[in-house]
Amino acid sequence: MEEGFRLIPEQASAFAARYDMLYWFLTGVCGLFALLIVVLIIVFAVRYRRRPDREPEQTNDSMGLEIFWSVIPAILVMVMFVWGADLYLDETIPPAGAEDIYVVGKQWMWKIQHPNGRREINELHVPVGRAVKITHTSQDVIHSFYIPAFRIKQDSVPGQYRTMWFEPTRPGQYHLFCAEYCGTGHSRMIGRVVVMEDMEYQTWLGGYTAETPVEAGRKLFVDLDCASCHESGQRQRCPTLGGLYGTKVQLADGRTALFDETYIRESILDPKAKVAAGFQPVMPTFRGQVTEEQILALIAYIKSLSPNVAVPERSAQ
Amino acid sequence: MSTMPVAIYTREHYLNASYGWKSWLLTRDHKRIGLLYLMSITFFFFLGGAFATMVRLELMTPKGDLFEAETYNKLFSMHGIVMVFLFLIPSIPAVLGNFLVPMMIGARDLAFPRLNLLSWYLYMIGGVFTLWAIVAGGVDTGWTFYTPYSSLFSNTHVVLTVLGIFVVGFSSILTGLNFIVTIHTMRAPGMTWFRMPLFLWSHYATAIIMVLATPVLAITLVLVGVERIWRVGIFDPAIGGDPILFQHLFWFYSHPAVYIMILPGMGVVSELITTHARKRIFGYSFVAFASLAIAFIGFLVWGHHMFVAGESQYASLMFSVLSFLVAIPSAIKVFNWTATLYKGSVSYDAPMLYAMGFIGLFTIGGLTGLFLATIAIDVHLHDTYFVVAHFHYIMVGGMVMAYLGGIHNWWPKISGRMYPEGWARLAAGIVFIGFNLTFFPQFVLGYLGMPRRYYAYADEFQVLNVMSTAGASILAVGYLLPMIYLIWSLKYGPEAGPNPWNATGLEWQTLSPPPPDNFEETPIVTEPAYNYGPDRRTSI
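What counts, and at which threshold
- Residues numbered from 1 in each chain as written.
- Chains lettered and ligands numbered in written order.
- Predicted model: local features only at pLDDT ≥ 70, side-chain atom pairs only at ≥ 80, totals over all residues.
- Heavy atoms only, no water.
- Core = buried A, V, L, I, M, F, W, Y, C linked by side-chain atoms within 4.5 Å.
- Buried < 20%, exposed > 50% of the residue type's maximum accessible area, 1.4 Å probe, protein only.
- Helix = DSSP H or I, 4+ residues; strand = E, 2+ residues; numbered from the N terminus.
- Contact = heavy atoms within 4.5 Å.
- 1 Å grid on protein atoms, 1.4 Å probe; cavity = no way out; pocket = protein on both sides within 12 Å on 5 of 7 lines; lining within 4 Å.
- Points joined across faces, edges and corners; volume = space filled by probe spheres on them.
- Nonpolar A, V, L, I, M, F, W, Y, C, P; charged D, E, K, R; others polar.
- Pairing = 2+ DSSP bridges.
- Domains from an automatic or database assignment.
- Buried area = accessible area lost by both parts, 1.4 Å probe.
- Salt bridge = Lys/Arg side-chain N within 4 Å of Asp/Glu carboxyl O.
- Polar contact = N/O pair within 3.5 Å; in protein donor to acceptor, adjacent residues only side chain to side chain.

**Here's the deal with the nonpolar core**
If you look at soluble globular proteins, the nonpolar side chains tend to sit buried side by side.
Piece 1. In terms of nonpolar packing, the biggest core is built from 254 residues, with A:L124, A:F150, B:F199, B:F358 and B:W410 touching the most fellow members.
Piece 2. Membership of the second largest hydrophobic core comes to 29 residues, among which are A:A216, A:I264, A:I295 and A:Y301.

Spelled out as structure tokens, the structure:
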């Protein structure tokens, strides 16, 4: 957060420079058009100002001119559309192997958890030069996770998971804002993003010994008694979960569903909504018994399961 | 200026045809109803302006120091609600449209005069509910009422406010219905569709949106109320609802509503430019059809408010391309207005100054809309001050400029008196300068990343915020001046005569103020609109 007057925020992600290029293109094109109109109005207003000795001269419509000034803007806006859409699609598809960070927004703070279990509030430490994928949700109203220096923003919506990603390019400290109005403390729902050298980041992470989300999820999986059904070889009442993440699941009503974060969450809270084919809707709901963060831990655990590996039995504890 | 020796006091006209409060509150005269609207929306304009002033004062310093956060949130919410629903949407249609639509087509009144009076009563009832909500403690949801905050989290007077807006919506629907039927069925002999002034085309397009879009808003607000009162899961996922559904429904109305707010302004500007440059409009049919194109495409772009809210990428792409398309008819209008000045006889009277100001500010507002239609750029700009600046350039730089220009242009017709030209030019200049100083810095603030609806902000944003607040105080002077000198002119202004601008248009062919039935005899139209030819000499 440098001092001094600036026109654009710092460029601290791989996207920022590409963004700003498009921004300057838009500013240039739109600036020229605005200037053209303003100059024409002033010139006409002065040149043809009302004088007692001059009558207005009526002019005829011109189809050629109308087509000209419809087609030129049409071409220019299509360039803007394609350029903007291209950048947007790049930005929405996270690369494989990105650092997985989970974020839960609530009135009025950001709760953040790293893959090794380290938690922080209203601060996000990330390594420079590595892709970071944020999976986020909200536990009350809609918030919006916004880092101006990275030029990214996405709403955190209760009941849904969203992912966004970025690659920090410059160590430093940057603003983290909530951009969607969320009540009294909206403008307090801010924090900072600390971009660190990779070594530094590892040290920062390393000093931490709490359980990872996968471990926490595994423990919950047993404590909540999920394991008694969802384990291979036991009563065939429900599917085993290993290797399902990212695949399409055939549903009892003939539809298919993508086995992703949202599906797992929905199946925990509303198990009857999308029942897998071949099974009865016998699972009870866990609504009200698990917090958003516990659900994220369960998801992390279920994602970590590989096919054909038996999930832990109760005795494993 | 041609002045006919008709004394305002001796002749019967709509203002002196009857006296007493009953003759106003039970009137069916579209002109009197227009004036009832003028008084009521002026009240709400200054109320909304007072809220804006308090918002700008708080934002002079980065820390939240003047109000509590909760109060600040109520201030910006009530500013938006009052300005959008009680000022901008009714402004030009309900005041100037009411007054001028029948006169411009040569009719004695609107098709349904009683319905017209009912519209005003509904507006007032809705306005009273909203005022009640404000007095009872206000509402803090923003004018957008996003769920689940508005339905289950806010502790303020959401239901009362929503009820007020619900009722006002019916006023808007009835006005739209009245305009459509009137324009279809009550045109004077010879007033073909393509001889109509463009003011009528834009009001026709506006009326279609009012009738088709407003019911969706009404339904949406009812659903918010239902979820809030009875906890039926509609929008809150915790009880089985979908918060994004609300945004789809809300913007399905509220994006077209932006065109309800700007199309009538475009109609006014077409009149002002032709009248005060003494020129036929350049490209009449292009300007007319552009209004309809804007109304039509305007229904298909609502998703551009939701690029970061979680609609699918494909939906975002479609909404982005459609949003770019809607820019083209707007561009066509701007080019045609500008071309109309060419070789004209351009006066610098206040209405023309407002019209030129409108074109400049609307152009900037429209062009910055292109930034927001560009999906990638919108990701960064969404919910920042860039958006605030953009829509104020359209709503205030555009619509309010057009409204003030229109009020000045037709003031001689409405009141029978001229306003003081020098003061009016001064006010137009102050508004233009104050407006730009208020809102231009906000584009920069937005790109720098300052989110909107922030009560306290980071120190580095202060310089631009102070500029904005300074501009707002200049703007306030510019808005207060006309109110003072227009009222003054009611008593002291020189008599205007029927046609002080020597303009075409049927409303100028009758006396000022017009007789209760508008025309002594039904006019017969034999020429196209804006027929400023050599036979209609400029008189100075």
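So much for the structure itself; the text now carries on.
**Observations concerning the environment of A:F44**
Piece 1. Tracing the chain through its elements places A:F44 in helix 1 (residues 14-47).
Piece 2. You can call A:F44 buried: its relative accessible area is 12%.
Piece 3. Not counting residues up to four positions away in its chain, the partners in contact with A:F44 are A:R49, B:T338, B:L341, B:Y342 and B:V346.

**Digging into empty space enclosed by the protein**
Residue and element names in this part refer to chain B.
Piece 1. Summed over all chains, the structure comprises 7 cavities of 30 Å³ or more.
Piece 2. Considered as a void within the structure, the largest cavity measures approximately 70 Å³ in volume.
Piece 3. Y37, F85, I89, P90, A94, V168, S171, S172, T175 and M210 are the residues that line the largest cavity.
Piece 4. Of all the elements, helix 7 (residues 158-185) adds the most residues to the lining of the largest cavity, at 4 residues.
Piece 5. Of the residues in the lining of the largest cavity, the class split is 7 nonpolar, 3 polar and no charged.

**Points about the layout of surface pockets**
All names here are of chain A.
Piece 1. Counted as a void, the second largest pocket has a volume near 1400 Å³.
Piece 2. Taken together, 50 residues line the second largest pocket, and the ones lying closest to its centre are G159, Q160, Y161, R162 and T262.
Piece 3. Contributing elements (two or more residues each) for the lining of the second largest pocket: helix 2 (63-92), strand 5 (132-138), strand 7 (152-156), strand 8 (162-166), helix 5 (261-269) and helix 6 (292-304).
Piece 4. Per-element tally for the lining of the second largest pocket: the top contributor is helix 5, with 5 residues.

**Quick look at the pairing of strand 1 (residues 99-106) of chain A**
Residues and elements named next belong to chain A.
Piece 1. Strand 1 sits mainly inside the fold: 6 of its 8 residues count as buried.
Piece 2. Summarising the sheet, strand 1 and strand 5 pair through 7 bridges and their orientation is parallel. Bridged to G105 within strand 5 is S138.
Piece 3. Where strand 1 hands over to strand 2 (residues 109-113), the hairpin turn is made up of 2 residues, counted between the paired strands.

**A word on the domain arrangement of chain A**
Residues and elements named next belong to chain A.
Piece 1. Assigned domains of chain A: these are domain 1 (1-44 + 64-210) and domain 2 (213-304).
Piece 2. Each of domain 1 and domain 2 has a C-alpha centre, and the two are 32 Å apart.
Piece 3. The interface of domain 1 with domain 2 comprises 16 residues on the first partner and 11 residues on the second.
Piece 4. Together domain 1 and domain 2 conceal approximately 1200 Å² of surface at their shared face, both sides included; 57% is due to carbon and sulfur atoms.
Piece 5. The largest per-residue losses of area from domain 1 upon contact with domain 2 belong to Y102, G159 and Y161, which jointly make up 49% of the total buried on that side.
Piece 6. On the surface where domain 1 and domain 2 come into contact, there are 2 salt bridges.
Piece 7. Residues E293 and R119 are paired through a salt bridge, measuring 3.4 Å at the closest nitrogen-oxygen approach.
Piece 8. At the junction of domain 1 with domain 2, the criterion picks out 3 residue pairs in polar contact (both at pLDDT 80 or more).
Piece 9. Residue assignment for the side of domain 1 that touches domain 2 shows that the elements contributing at least two residues are strand 1, strand 2 and strand 5.

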